[in-house]
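What follows is each chain in one-letter form.
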Amino acid sequence: CLKRGERMSVKNEIISLLEKNRDTPISGQVIADSLNVTRAAVWKAIKVLKEEGYNIDGTPNKGYILLGNNDILSSQGIACYLDEDIDIYTYKCLDSTNTQMKKLAVDGGKDHSVIIAEQQSAGRGRFGRSFYSPAKKGIYMSVLLKSCKNIHDATIITIQSAVAINRAIKRLYNLKTDIKWVNDLYYQGKKICGILTEVISDFESEMIEAIIIGIGINVSTSEFPSELQNRATSLGLNNANRNQFIAEILRQLFSIIDEDFELVLAEYKRLSCVLDKEIEFNVKGQKYKGIVKDINDFGNLVVESDGKEMILNSGEISII
Ligand code: BTN
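These figures come from a predicted structure and were not determined experimentally.

## Let's talk about the pairing of strand β12 (residues 301-305)
Step number 1: The buried count for β12 comes to 4 of 5 residues, which makes it a mostly enclosed element.
Step number 2: In the sheet, strand β11 (residues 286-295) pairs with β12 via 4 bridges, with the strands oriented antiparallel. By the bridge assignment for β12, Val292 is matched with Val303.
Step number 3: Hairpin connection between β11 and β12: a loop of 5 residues separates the two successive antiparallel strands, and Gly299 in this loop has a positive phi of roughly 85°.
Step number 4: In this sheet, strand β13 (residues 308-312) lies alongside β12 in antiparallel orientation, the contact comprising 5 bridges. Residue pairing for β13: Glu304 is matched across the bridge by Glu309.

Laid out in structure tokens, this is it:
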């Protein structure tokens, strides 16, 4: 992660250039001139990148190009799709990006910082569940929010995040995903994304200081543990450029948090797959059935059960 004004390594600058020009080869001379280094330095850096696994094609007449099947997560690869200058940290493997972000949040991490892992060994879901996070198949990321207008309301932030992810998927891949209240995205009837929103409060004052939005997306996961097989699927995007996908999610997220929540909620409701459906849920250990009537202005679920109105502000529901 770079400080403002600090120069990236030649290797990273080349990734950035190649990523920005995915469809057009760039000659070694053009790269050398634009980075103000020698052609030999470019050649050496390209060699190292290839050794690191980057699939770079080099033809003497045309130059260098990142091949379409190149899908290595990197902060430069993501940053080149963003206008905003943010701190992006990428890791090969973490226990959980949310857990890592909690440490960064209390250690001076900046607003809009992002932590991404290629793989999580202990990815966390809601209610103490785990989130299956195999390498190369998904996006596992955590975003830090320290100052936004709804920082005190994790439900609102979760709703905004779900709509932002939905918009990113629609814009880049033109796929239609639904939202299952409150934090899951579904594709073709199965879950493809979960959001874990966690709050960081000051120990003494209990004031909320930051929010961590943990996002897990099954991009191309084709095999799931047996307990998930009936419930989870992926977007089936085997050739997705995950750097671009992550950047689009961030762009949508940073823009939606400043939008009028009333409009975002209306969009959330249009995308909801639970409105008017019969559901099952638990309250204080007791099982209920009911029909979802609405999602109110606070993002709570309004359910009619046995002729009575019930308001759910969190928890798990199942569509019957
Ligand atoms: C859920 O489905 O209950 C929420 C799943 C959230 C998973 C993401 S993956 C990135 C981030 N790090 C975690 O440990 N969890 C979230």
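## Digging into helix α3 (residues 39-51)
Step number 1: With 13 residues, α3 extends 18 Å from end C-alpha to end C-alpha; this agrees with the ideal 18 Å at 1.5 Å per step.
Step number 2: All of the buried residues in α3 are Val42, Ala45, Ile46 and Leu49. One side of α3 carries all its buried residues, which in axial view fall inside an arc of 105°. Those residues of α3 that are exposed and aimed more than 90 degrees away from the buried face are Ala40, Trp43, Lys44 and Glu51.
Step number 3: Its buried side turned inward, α3 meets α1 (10-20), α2 (28-35), β1 (56-59) and β2 (63-66).

## Re the sheet that holds strand β5 (residues 138-145)
Step number 1: Spatially, 7 strands are ordered β3-β4-β5-β9-β8-β7-β6 in an open sheet, and the strand pairing comes out mixed. With one partner strand each, in any of the chains shown, β3 (88-94) and β6 (178-180) form the two edges of the open sheet. When the angles between neighbouring strand axes are averaged without regard to direction, this sheet yields 20°.
Step number 2: Summarising the sheet, β5 and strand β9 (residues 208-218) pair through 8 bridges and their orientation is antiparallel. Its bridge partner lying in β9, Gly138 is registered against Asn218.

## Some remarks on the environment of Lys44
Step number 1: Note that Lys44 resides in helix α3.
Step number 2: Since its relative accessible area comes to 57%, Lys44 is described here as exposed.
Step number 3: Through-space distance from the C-alpha of Lys44 to that of Val10 is 9.6 Å; in sequence the pair is 34 residues apart.

Calculation criteria
- Residues numbered from 1 in each chain as written.
- Predicted model: local features only at pLDDT ≥ 70, side-chain atom pairs only at ≥ 80, totals over all residues.
- Heavy atoms only, no water.
- Buried < 20%, exposed > 50% of the residue type's maximum accessible area, 1.4 Å probe, protein only.
- Helix = DSSP H or I, 4+ residues; strand = E, 2+ residues; numbered from the N terminus.
- Pairing = 2+ DSSP bridges.
- Expected span 1.5 Å × (residues − 1).
- Arc of directions from axis to C-beta.
- Contact = heavy atoms within 4.5 Å.
- Axes fitted to C-alpha atoms, helices over the stretch in contact; angles between N-to-C directions.

Geometric descriptors of this kind do not, in isolation, establish any biological role.
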